[in-house]
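# Residue-level structural notes
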Amino acid sequence: MKYTVSLEIALPRERVVQLLADPRHLPKWLRGLVVHEPLNGVHGELGTRSRVVLRTGRQEFEATETITRREPVDLHAIPQDVVVHFERETVAEGMWSVTRDRLTEIGPEATLWVSENEYRFSGVLMRVVGLVVPGTFRKQSLRHMRDFKAFAEDGRDVRDTDV
């Protein structure tokens, strides 16, 4: 299963990528985050593997995330014509996914965030989930992006909301 979602954020690209890359901010916009801890390396750096636990309702989902691309490495003084790339591979029981995020400056105070996502499922249960509710994955990705936008632009914290 593959899909792409995108949105505009009313902030300079450099500010957006710095907020995205800072692990202190993850709980503020990544709804349901229980744990995001590096198993090796430094959070967000190329090759770093992390244990990630998300909670939705009463269910917890645990996975291993590996940073497979971060360009440029230095997220300060990024030239205007450079597209920022963040890519990660996530592996969980019955599922493999890759997310390829591109952040492009579309104005002095505007950033376009495009996220390409690919999922592969193994095992009968996960394959059925992938076939029956494929739109759920797309909606979840877009919800995380919208939550980040609200955090970045307005300082909203998902932990302060019930929904």
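Structure: above.
Attention in this report is confined to the structure presented alongside it.

Criteria and thresholds
- Residues numbered from 1 in each chain as written.
- Predicted model: local features only at pLDDT ≥ 70, side-chain atom pairs only at ≥ 80, totals over all residues.
- Heavy atoms only, no water.
- Helix = DSSP H or I, 4+ residues; strand = E, 2+ residues; numbered from the N terminus.
- Contact = heavy atoms within 4.5 Å.
- Pairing = 2+ DSSP bridges.
- Axes fitted to C-alpha atoms, helices over the stretch in contact; angles between N-to-C directions.
- Buried < 20%, exposed > 50% of the residue type's maximum accessible area, 1.4 Å probe, protein only.
- Polar contact = N/O pair within 3.5 Å; in protein donor to acceptor, adjacent residues only side chain to side chain.

Our next topic: the environment of Glu-60. Mapped onto the elements, Glu-60 comes out in strand β4 (residues 59-71). Along the sequence, Glu-60 and Leu-33 sit 27 residues apart, while their C-alpha atoms lie 9.6 Å from each other. In contact with Glu-60, other than residues within four places in its own chain, are Val-34, Val-53, Leu-54 and Arg-55.

The strand order across the open sheet built from 7 strands is β1-β7-β6-β5-β4-β3-β2, with neighbouring strands paired in antiparallel fashion. Two strands in the sheet have a free side with no partner beyond their single neighbour: β1 (2-9) and β2 (33-40). On average, each strand axis in the sheet is inclined to that of its neighbour by 20°, with strand direction left out of account. Taken together, the 8 bridges between β1 and strand β7 (residues 110-121) define a ladder with antiparallel strand orientation. Bridge pairing links Thr-4 to Glu-116 in β7.

Examined against the element boundaries, Arg-13 turns out to sit in helix α1 (residues 13-21). Owing to a relative accessible area of 2%, Arg-13 belongs among the buried residues under this scheme. Of note is the side chain of Arg-13, whose polar atom sits 3.4 Å from the backbone oxygen of Ile-78. Contacts of Arg-13, omitting those with residues within four sequence positions, involve Ile-78, Pro-79, Gln-80, Val-82, Val-83, Val-84, Leu-103, Thr-104, Glu-105 and Thr-111.

This paragraph deals with the side chain of Asp-157. Looking at where Asp-157 falls in the secondary structure, it is placed in the segment after α4 (134-154). The exposure class assigned to Asp-157 is buried, which follows from its relative accessible area of 13%. At 2.6 Å, the side chain of Asp-157 and the side chain of Arg-159 are in polar contact. Setting aside residues up to four positions removed in sequence, Asp-157 forms contacts with Pro-27 and Lys-28.

Our focus in this paragraph is the environment of Trp-113. Here Trp-113 lies in strand β7. What makes Trp-113 buried here is its relative accessible area of 4%. Distance from Trp-113 to Glu-8, taken between C-alpha atoms, is 6.2 Å for residues 105 residues apart in sequence. Once you skip the residues sitting within four places of it in the chain, Trp-113 turns out to touch Val-5, Ser-6, Leu-7, Ile-9, Leu-20, Asp-101, Arg-102, Leu-103, Met-145 and Phe-148. Among the polar contacts made by the side chain of Trp-113, one reaches the side chain of Asp-101 at a distance of 3.2 Å.

This brings us to the pairing of strand β6 (residues 95-107). As judged from the 9 bridges shared by strand β5 (residues 84-92) and β6, these two strands associate in the antiparallel manner. Bridge pairing links Glu-89 to Val-98 in β6. Count of turn residues in the β5/β6 antiparallel hairpin: 2 residues, of which Gly-94 carries a positive phi of about 80°. When β6 meets β7, the two strands line up antiparallel, connected through 12 bridges. Within the sheet, the bridge partner assigned to Arg-102 lies in β7 and is Val-114. Where β6 folds back on β7, the antiparallel hairpin that results is connected by 2 residues.

Remember that the coordinates give geometry; whether it matters functionally is a separate question.
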